[in-house]
Amino acid sequence: MTIRYFATQQDAGPRAQPLLRRGLSYGWIESAGEPPMPDADRVRAAWRNNEAVMLPGILADTLPGFEQDIAQAHRLMEQTLEGSDVAESFEGEPYARRLPPEFALTGTSYEEHDDQGIEKVYFDAWQNDELAADDLWCKASWLSFEDDDASLRFRFSFGMEGYEDVAADPERQMWAAKLTDAIFPESAAVTAHAGLNALLAHMLDCERLAFAERIVYFNAPNGGAQMHHDVERGHDGVVFAQMSGSTFWLALSKPKLLDEIDAYLAAAPAEQWGDLRALAKDRQALACYLEERDHELAEQLLDRTPDFFRHLIERGYAYVLRPGDVLLMPQYSLDTCVWHSVICLGDEAGEGLSFALKRGP
């Protein structure tokens, strides 16, 4: 796939698409062609080199079988945007039929403490009349604080959010994953795809896989995610599958990101980026600064500078995902993980599955 960047619509051709996120225009892109499917050894080598890997169209053969499930997921998104309670949606059809008797809906929280939170719905899992896993939850959240960004996500996990070490309890992780399967059956497009699973097992050099800490995204026009990583203890990386709609991605390892910041600053006028230049003189200091919650100096470059987007696109770190495409992103450690930035393409929200990947038991 060839991705060309244009600073203005006047420079772009009629097929070009705008890169617009939260009111900021990053320019226009035109994508042509389909990248070749990498073979298994190439995927494993790229993963071990901490490179993002795109698997174009790998799920295309299975998506037709999930067409109704994907349509229902969009209806749930729309109902949530219109203010319907998520818990009430789960108690109605088709979710009452989808949820097996092992799962009992136990309560809901409207997340007043979280400005991005919408609602968290709690479940317990039972097996043979015994409690198998408690305090499982599905949390609906906005992706930003912007009123004109309708992007949201449904995240599945358990326990105290932000405090509990989820990797320490693989049993509850497994039950949270089963809850995802019940509410969003299209999850099986990833978890039950024989070709994809064989490729991932070869990549990780293991016999069994586990898909944990699952998130179902709806990136909406004018929305997406700023540059970030998804490192979490016990996880090897992330599998992102585009189920509907289309998204634009920038994805590169942290060492490469540091290299590109250096290269961009070196080419920029000397009077620009003074504070960031001073920080970037110490590579380790900049690497640590990126991990801080407030890294405004870097954020201004990474998330609010269209010309830096141009720079990364021209360096070959851009991807356009369409239904059936998968993007693999290693997340082994804070030092080597793949950072990524996402923008919705087109006029409609699209569904994406983002599952943490790890070796199975």
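Before reading further, recall that the structure is shown in the block above.
Cut-offs applied
- Residues numbered from 1 in each chain as written.
- Predicted model: local features only at pLDDT ≥ 70, side-chain atom pairs only at ≥ 80, totals over all residues.
- Heavy atoms only, no water.
- Pairing = 2+ DSSP bridges.
- Helix = DSSP H or I, 4+ residues; strand = E, 2+ residues; numbered from the N terminus.
- Axes fitted to C-alpha atoms, helices over the stretch in contact; angles between N-to-C directions.
- Parallel < 35°, antiparallel > 145°, perpendicular 65-115°, else oblique.
- Left-handed = near helix turned anticlockwise from the far one by under 90°.
- Contact = heavy atoms within 4.5 Å.
- Nonpolar A, V, L, I, M, F, W, Y, C, P; charged D, E, K, R; others polar.
- Polar contact = N/O pair within 3.5 Å; in protein donor to acceptor, adjacent residues only side chain to side chain.
- Buried < 20%, exposed > 50% of the residue type's maximum accessible area, 1.4 Å probe, protein only.

1. Regarding the sheet that holds strand S1 (residues 2-6)
Ordered by their spatial adjacency, three strands build an open sheet running S1-S3-S2, and the pairing between neighbours is antiparallel. Because the sheet does not close on itself, it has two edges, and the strands there are S1 and strand S2 (17-21). When the angles between neighbouring strand axes are averaged without regard to direction, this sheet yields 35°. As defined by bridge partners, S2 adjoins strand S3 (residues 24-32) across five bridges and the pair is classed as antiparallel. Paired with Pro 18 across the strands is Trp 28, a residue of S3.

2. Things to note about the packing of helix H8 (residues 254-267) against helix H12 (residues 306-314)
Put simply, H8 and H12 touch, their axes get as near as 11 Å, and they point 120° apart. In terms of their interaxial angle, H8 and H12 are classed as oblique. Classified by chirality, the crossing of H12 by H8 is right-handed. Residues Leu 257, Glu 260, Ile 261, Ala 263 and Tyr 264 of H8 lie in contact with H12, whose contacting residues are Asp 307, Phe 308, Arg 310, His 311 and Leu 312. Across the contact of H8 with H12, the residue classes tally to six nonpolar, one polar and three charged.

3. Overview of the side chain of Arg 155
Residue placement: Arg 155 occurs in strand S8 (residues 152-158). Separated by 3.2 Å, the side chains of Arg 155 and Glu 161 make a polar contact. When near neighbours in sequence (up to four residues on either side) are disregarded, Arg 155 contacts Trp 137, Cys 138, Lys 139, Glu 161, Glu 213, Arg 214 and Ile 215.

4. Concerning unusual backbone geometry
Of all residues except glycine, most have a negative phi; of all peptide bonds, most are trans. Cis geometry marks the peptide bond from Glu 93 to Pro 94, where omega comes out at 5°. Topologically, Pro 94 is positioned in the loop between helix H3 (86-91) and helix H4 (95-98). Although it is not a glycine, Arg 22 sits at a positive phi angle of roughly 55°. Looking at the element boundaries, Arg 22 is found in the loop between S2 and S3. Judged by relative accessible area, which is 21%, Arg 22 ranks as partly exposed. Backbone geometry places Asp 129, a non-glycine residue, at a positive phi of 65°. Residue position: Asp 129 is located in the loop between strand S6 (117-127) and strand S7 (130-142). On the accessibility criterion, Asp 129 (76% relative accessible area) is exposed.

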